[in-house]
Amino acid sequence: MYSKMAKVLALIFALVLVAAACGNDDDSSSTSAGGPCDGEIDGPVTLTLTSHSSNEAYTGAVDSFNAGPGAELGVTVELVDLGEASYEAYITSAAASNDLPDIIDMDGPFLYNFAWNGFVQPLGNCVPDGALDDFLPSIITQGTYNGELYSLGSFDSGMGIWAKRSVLESVNARIPETSADAWTVEEFDGLLRALQDSGIEAPLDIKWFYGAGEWRPYGFAPIVQSAGGDVIDRSDFQTADGFLNSPAAVEAMTHFQNWANDGLIDIDALDDTNFTEGDVPLSWVGHWLYTAYKEAVGDDLVLVPLPDFGTGSKAGMGSWNWAMSSSATDPDAVWAFMAHVTSPEQVKAIADAEGAVPSLQSVLDADPTFAPGGDRHLYVLNLQGAPDIAVPRPATPAYGAIRDAFSDALADIVAGADVQSTLDEAVQEIDDDIEANEGYPTS
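Remember, predicted model here, so these are calculated numbers, not experimental data. (Residues numbered from 1 in each chain as written. Predicted model: local features only at pLDDT ≥ 70, side-chain atom pairs only at ≥ 80, totals over all residues. Heavy atoms only, no water.)

Peer 1: Help me understand the sheet that holds strand E12 (residues 301–304), please; the structure alone is not making it clear to me.
Peer 2: As a general point, the strands of a sheet are linked pairwise by backbone hydrogen bonds and lie either parallel or antiparallel. Pairing within the open sheet is mixed, and its 5 strands lie in the order E10-E9-E11-E8-E12. The open sheet has two edge strands with one neighbour each: strand E10 (265–266) and E12. Relative to strand E11 (residues 282–286), strand E9 (residues 204–205) is paired through 2 bridges, and the arrangement is parallel. Along E11, the bridge assignment pairs Leu-204 with Leu-282. In the packing of helix H16 (residues 377–384) onto the sheet, the strands contacted are strand E8 (159–164), E11 and E12, and the crossing angle to E8 comes to about 155°. (Pairing = 2+ DSSP bridges. Helix = DSSP H or I, 4+ residues; strand = E, 2+ residues; numbered from the N terminus. Contact = heavy atoms within 4.5 Å. Axes fitted to C-alpha atoms, helices over the stretch in contact; angles between N-to-C directions.)

Peer 1: Explain the environment of Asn-98 to me, please; I cannot follow it from the model alone.
Peer 2: With respect to the element layout, Asn-98 can be found in the loop between helix H4 (83–96) and strand E3 (103–106). You can call Asn-98 exposed: its relative accessible area is 65%. The sequence separation of Asn-98 and Ser-327 amounts to 229 residues, and the corresponding C-alpha distance is 8.0 Å. (Buried < 20%, exposed > 50% of the residue type's maximum accessible area, 1.4 Å probe, protein only.)

Peer 1: Explanation requested: the side chain of Glu-214 in the structure shown.
Peer 2: Along the chain, Glu-214 turns up in the loop between E9 and helix H9 (215–226). Given a relative accessible area of 15%, Glu-214 falls into the buried group. A polar contact is formed between the side chain of Glu-214 and the side chain of Arg-393, at a distance of 2.6 Å. Side chain to side chain, Glu-214 and Tyr-399 meet in a polar contact 2.6 Å long. Look past the residues within four positions of Glu-214 in its chain and what remains in contact with it is Asp-107, Pro-109, Phe-110, Arg-393, Tyr-399 and Arg-403. (Polar contact = N/O pair within 3.5 Å; in protein donor to acceptor, adjacent residues only side chain to side chain.)

Peer 1: So what exactly am I meant to see when it comes to the sheet that holds strand E1 (residues 45–51) here?
Peer 2: Here 5 strands make up an open sheet; going across it, the order is E2-E1-E3-E14-E6 and the pairing mixed. Two strands lie at the open edges of the sheet, namely strand E2 (75–81) and strand E6 (151–152), each paired on one side alone. Where E1 and E2 come together, 7 bridges link them in parallel fashion. Bridge pairing in E2 places Thr-50 opposite Val-80. The sheet strands contacting helix H2 (residues 56–67) are E1, E2 and strand E14 (321–324), and the helix crosses E2 at an angle near 165°. Of the strands in this sheet, E1, E2, E3, E6 and E14 are in contact with helix H13 (residues 331–341), which crosses E14 at around 170°.

Peer 1: Would you explain helix H17 (residues 399–414) in this entry?
Peer 2: The end-to-end C-alpha distance of H17, which contains 16 residues, comes to 22 Å, matching closely the 22 Å that a straight helix rising 1.5 Å per residue would cover. Most of H17 sits inside the fold, with 12 of its 16 residues counted as buried. Among all positions in H17, only Tyr-399, Gly-400, Ala-401, Ile-402, Arg-403, Ala-405, Phe-406, Ser-407, Ala-409, Leu-410, Ile-413 and Val-414 are buried. Trailing H17 by a residue or two, Gly-416 shows a phi angle of about 110°, which is positive. (Expected span 1.5 Å × (residues − 1).)

Peer 1: Help me understand the environment of Asp-156, please; the structure alone is not making it clear to me.
Peer 2: Counting through the fold element by element, Asp-156 comes out in strand E7 (residues 155–156). Separated by 284 residues in the primary sequence, Asp-156 and Tyr-440 have C-alpha atoms spaced 27 Å apart. Not counting residues up to four positions away in its chain, the partners in contact with Asp-156 are Ser-138, Ile-139, His-287, Met-317, Gly-318, Ser-319, Ala-356, Val-357 and Leu-383. A polar contact of 2.5 Å, which involves the side chain of Asp-156, links it to the side chain of Ser-138.

Peer 1: I would appreciate a short explanation of the confidence of the model for the chain in the present structure.
Peer 2: Low-pLDDT stretches of the model should not have their predicted coordinates read in fine detail. Looking at the chain as a whole, the pLDDT averages 90, with 92% of positions reaching at least 70. Under a pLDDT of 50 for its full length, residues 1–32 has, in the predicted model, 54 contacts with residues more than four places off or in other chains. (pLDDT = per-residue confidence, 0-100.)

Peer 1: I would appreciate a short explanation of the pairing of E14 in the present structure.
Peer 2: Both faces of the sheet carry side chains from a regular strand, because those side chains alternate between them. Side chains of E14 alternate between two faces, with Asn-321 and Ala-323 and Trp-322 and Met-324 buried alike. Relative to E14, E3 runs antiparallel, the two being bridged by 4 bridges. Residue pairing for E14: Asp-105 is matched across the bridge by Trp-322. Pairing geometry for E6 and E14, over 2 bridges, is antiparallel. By the bridge assignment for E14, Ser-151 is matched with Ala-323.

This is the structure:
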């Protein structure tokens, strides 16, 4: 709940941002010389927001806006929780029926297809001078397509392996602290086998039960990238051939298949409790389980980088972000909400709820778990090393095809399919999509 002073400060913040949105367009921190905002809110106005979550942090952000700056500006936001699985289909359907929400909360890589299709619009002059200064560079990179800023996020992601220090020490394993001293793939293979020999049936949790969708390319494309390959040629985003199916990528994915074949991966887990209940000592996962893992494991919890498959440890990056739909009824009102939900107070609340990396440097600096020696410092090092360590998902409208092809290929590889031919087929699916869309031209 807002205190009286917090309400006043929030209102002042929102009013300053909205008033500034139509001025000083020549400043380097503005995103465009033009744009959808005119500096006025024609209230009262009700905005619709589609979100992937109705977690208390998200509903709290909406409630605090409606009770604070929204009430003073004549703006009300209504949240519709779509869940993580159905938002893409919903937005596509809503666009076809000319019924897009005003504000769209989307996973990072889908921005590019939504922007290419015209579902969302550049923020342009809605962003006041200096408003981007506190954001992590990775947030700006994620939100930019074809040279224009379309979105901002309240948090970025972290990627690595959560481990139990005592179990690693029991098999005399080296415990790496940064990507620079990550386990080699040979070391990691030996560690998995040593753990299995010690009596742990399947020591590596990879969240296989998450199923098809965004987890698999986010979680396991770093294997291909660490080997020196990629999911697409990023020079022009026109082909995956020679990248996803390169000899190095095939070798790396063969390692992964061998772990599955030899029972080193917990394929049968049905939920996230295998790590917290002690069934597995290694969990290959993103930031979102930090709080649960810390509560269960305490000071025995340690975060280590993904193994190095040949060209250095890599990690995924990017996460959910806020964008203005092309059908927004009042862009200035939309920006007022986006400014609120990316303010330090709301960034902290949402990032804490997600166990994620705050999108604002000031909020990140205030959290000791991200400082040197902190539980999550590795996430910061990875993002600071982007794109060489944390690798952005490719900024192309073809990402949906990349996601589906990679996810299907990974499932087949785990099931025992020939790695080379499986990756060749995935490449063909991606290239066929690009060709069918004439290369996804941007003009």
